[in-house]
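Observations on the model geometry
Chain by chain, the residues run as shown.
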Amino acid sequence: MGDTLEFNEIYQEVKGSWNDGRLRFSKQNVVYKSSKTGKVDSIPAGELNLAQWRRVCLGHGIKLGTGTGHVYKYDGFRDSDFEKISDFFKANYKVELTEKDTCVKGWNWGTAKFSGPLLSFDVNDSTAFEIPLSNVSQCATGKNEVTLEFHQNDDTEVSLMEVRFYVPPSQADERQDPVEAFAQNVLSKADVIQATGDAVCIFKELQCLTPRGRYDIRIYPTFLHLHGKTFDYKIPYTTVLRLFLLPHKDQRQMFFVISLDPPIKQGQTRYHFLILLFSKEEDLSLTLNMSEEDVERRFEGKLSKNMSGSLYEMVSRVMKALVNRKITVPGNFQGHSGAQCITCSYKASSGLLYPLERGFIYVHKPPVHLRFEEISCVNFARGTTTTRSFDFEIETKQGNQYTFSSIEREEYGKLFDFVNAKKLNIKNRGFKEGMKGKIDEYSDSDEDQHDAYLERMKAEGKIREEGNDSDESDGESDESFNPGEEDDDIAEEYDSNASASDSSDEGDDSEDESAKKKKAKKAKVVKEKRERKPRKEKKQKDTGGPKRPMSAYMLWLNSSRERIKSENPGISITEISKKAGEMWRQLGKDDKEEWETKAGEAKRQYDKAKKEYKESGGGSTSSSKKESKKSGGKKDEKKRKSVGGDKDKDKDKDKDKDKDKDKDKERGGGGGNDSFKSREFIETSESSSDSDHKSKSKRKKKQKSDEEEEEAVSTPASSEEDSD
């Protein structure tokens, strides 16, 4: 037999709900770790004095008792595990695992027995049920009745509110009332929160982020009392899971976080975390309300009667001693700015994400704590609003996803190295390896310096630059952000000397060189304009032809649309198509074959109808219309050209006639001086004669129009005289 026995999916009852976890039996101790909260129960092997094997609702269970009076119950074992566990207990714990039957008669009359933290109700010496007294929140007494009220658990669908016991009067001992004796036994072990006696210490006006406000914290031996102006909260130390002490990013404040299970309630609001904010500069001198002997005996040197120091140190030290749990602080992680946290946003508010040695915690609204063991994978995603930030996504094994957004790009390298060192599964690592063409197994070493997110950003940047280059037409391009080159470009563009050299006629050689550099740079950027290709003419639809057949999917969709609407009342049109697509993908080959045959038959009928339509002359009308349009357009162009050509010929003839007339005039009036005129003089004279000729022709036209008007005016008068 091995040194250890391990069992998975073992359940522990916590205030009415079953929490699964892992149980391990070893030679030194018994360890149970809850999967939900991560809380660890460790029972030293030397303290075990009771081990019972019982039949329970979830198979079989083990009840373990210790010498200190604690009882632990674990369920979910199989019947075949009994011999293996019994032999292990005999060999290592020297404890015999005994079988104990429970009473299933259903009687409600029996004997109540108090054994440590349990109240067992026995019928004929067989246990019918057991009540953990730590679940009792209140105990009330009547004449012959005792009423037990229980703490409620929000995780359970059905909760036990109260149980009433009828206690008959006893004639044996008249001095003590049996009802009061029963109630005292219950209250001695019950988790009843009532302020009896003075508080160990009081912290005044502490700033609390959740629940928001300023509270006086009164420390009692068994619970914590938050006293505010409007609300009071009493928190038993048994509900405290973890303590965190986290430095703020500004290095001037500290967060003290208390994780609670079950959470404190205010109406419908649940507070799983109690977050206190302290200033590092605030100091306090504290005196405990106990004698030095009591302090030494109770806290074993963890606290002293008189203490002084920073306020956050005093609060964390007192809480650590009373709760008896370690305080978790940030590990070796250090961000880009030197802080041990990362500024980010979760949901609608901004906060701080702390990478711890065994998980992540986000402070503060709402607080989130994620342990590495419950994380399925993480993902580095591109920011939705800008490329200067990225998102960090965490997916748990239960299927929940947490997205921490707006993380600065400079924090990526540190966070990636941290996640890689903690051996967490990175979701988009496969995308990175696919880009390089290699498929490597997951590497958990710190030497893996390959950056998945950086490679993605580079590839997307190249694609974006190529797209911008192809779309440019004005000779300007969008350049990527390069911090080193940006200053040089600005200095050249806004250089005062360069502008002076452009505006003035005189300048130095350096100014000319800078101007040349400018021109050279601009020449590089300028690109040739591409000629636009002529648009292709759209094909005109033949409205008279047969319609194309539907595919198998469309035939199925038409027949199934009404059924989808009836099964999903109120569904929209887009959701119908999505739902239909999912249903079509889930159909088997046999079901699809029916619709594919129908689609094939429709296709054959379409081909046949189309052939008959073409043979009958269908479809040719549209082509003839196109040809007629083209031929008509060509004829119009020819007409325009011919008309334009005739006009040009007439103009040329008129010009030649005018030139001949002018030459004759010059020969008649000029005499022998014409031989001594230069070509320039002749050309100018010809142009002037042309202008004179034009002015004369205009005058003639005016005279003709005047004569016509006079005739038009005179004619009606003559006609009137003739008529008279």
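Structure's up top.
Note that the coordinates shown come from a computational prediction; the quantities given were computed from them, not determined experimentally.

Observations regarding helix α12 (residues 573-586)
The first and last C-alpha atoms of α12 sit 20 Å apart over 14 residues, in line with the 20 Å expected at 1.5 Å per residue. Residues of α12 that are buried include every one of Ile576, Ala580, Gly581, Met583 and Trp584, and no others.

Looking at the pattern of salt bridges
Taken as a whole and judged by the stated rule, the model has 15 salt bridges. Between Glu373 and Lys33 there is a salt bridge, and its shortest N-O distance comes to 2.6 Å. Here Lys33 lies in strand β3 (residues 29-34) and Glu373 lies in the loop between β28 (368-371) and β29 (375-382), a separation of 340 residues in the sequence. Residue Asp122 pairs with Lys113 through a salt bridge whose shortest N-O separation is 3.5 Å. Judged by relative accessible area, Asp122 falls into the buried class, the value being 9%. Classification of Lys113 by relative accessible area gives partly exposed; the value is 39%. Put simply, Lys33, Arg371, Glu373 and Glu374 are held in one network by salt bridges that share partners.

Structural notes on the packing of helix α11 (residues 552-567) against helix α13 (residues 589-615)
The description of two helices packed together rests on the angle between their axes and the distance between the axes. Across the interface, α11 lies against α13 with an axial gap of 8 Å and an inter-helix angle of 110°. Relative to α13, the element α11 lies roughly perpendicular. The element α11 and its partner α13 pack so that their crossing is right-handed. Two secondary-structure elements touch here, α11 through Ala552, Leu555, Trp556 and Ser559 and α13 through Trp595, Glu596, Lys598 and Ala599. Of the residues in the contact of α11 with α13, the class split is 5 nonpolar, 1 polar and 2 charged.

What to know about the layout of surface pockets
A volume near 1,000 Å³ is recorded for the second largest pocket. Together, 36 residues line the second largest pocket, and His272, Phe273, Pro367, His369 and Tyr402 are the ones closest to its centre. Every element with two or more residues in the lining of the second largest pocket is listed here: β15 (201-210), β19 (240-247), β20 (253-266), β21 (269-279) and β28. At 5 residues, the largest contribution of residues to the lining of the second largest pocket is made by β20. Within the lining of the second largest pocket, the residues separate by chemical class into 14 nonpolar, 11 polar and 11 charged.

What counts, and where the lines are drawn
Residues numbered from 1 in each chain as written. Predicted model: local features only at pLDDT ≥ 70, side-chain atom pairs only at ≥ 80, totals over all residues. Heavy atoms only, no water. Helix = DSSP H or I, 4+ residues; strand = E, 2+ residues; numbered from the N terminus. Expected span 1.5 Å × (residues − 1). Buried < 20%, exposed > 50% of the residue type's maximum accessible area, 1.4 Å probe, protein only. Salt bridge = Lys/Arg side-chain N within 4 Å of Asp/Glu carboxyl O. Axes fitted to C-alpha atoms, helices over the stretch in contact; angles between N-to-C directions. Parallel < 35°, antiparallel > 145°, perpendicular 65-115°, else oblique. Left-handed = near helix turned anticlockwise from the far one by under 90°. Contact = heavy atoms within 4.5 Å. Nonpolar A, V, L, I, M, F, W, Y, C, P; charged D, E, K, R; others polar. 1 Å grid on protein atoms, 1.4 Å probe; cavity = no way out; pocket = protein on both sides within 12 Å on 5 of 7 lines; lining within 4 Å. Points joined across faces, edges and corners; volume = space filled by probe spheres on them.

Don't take any of this as a statement about function, it's just geometry.
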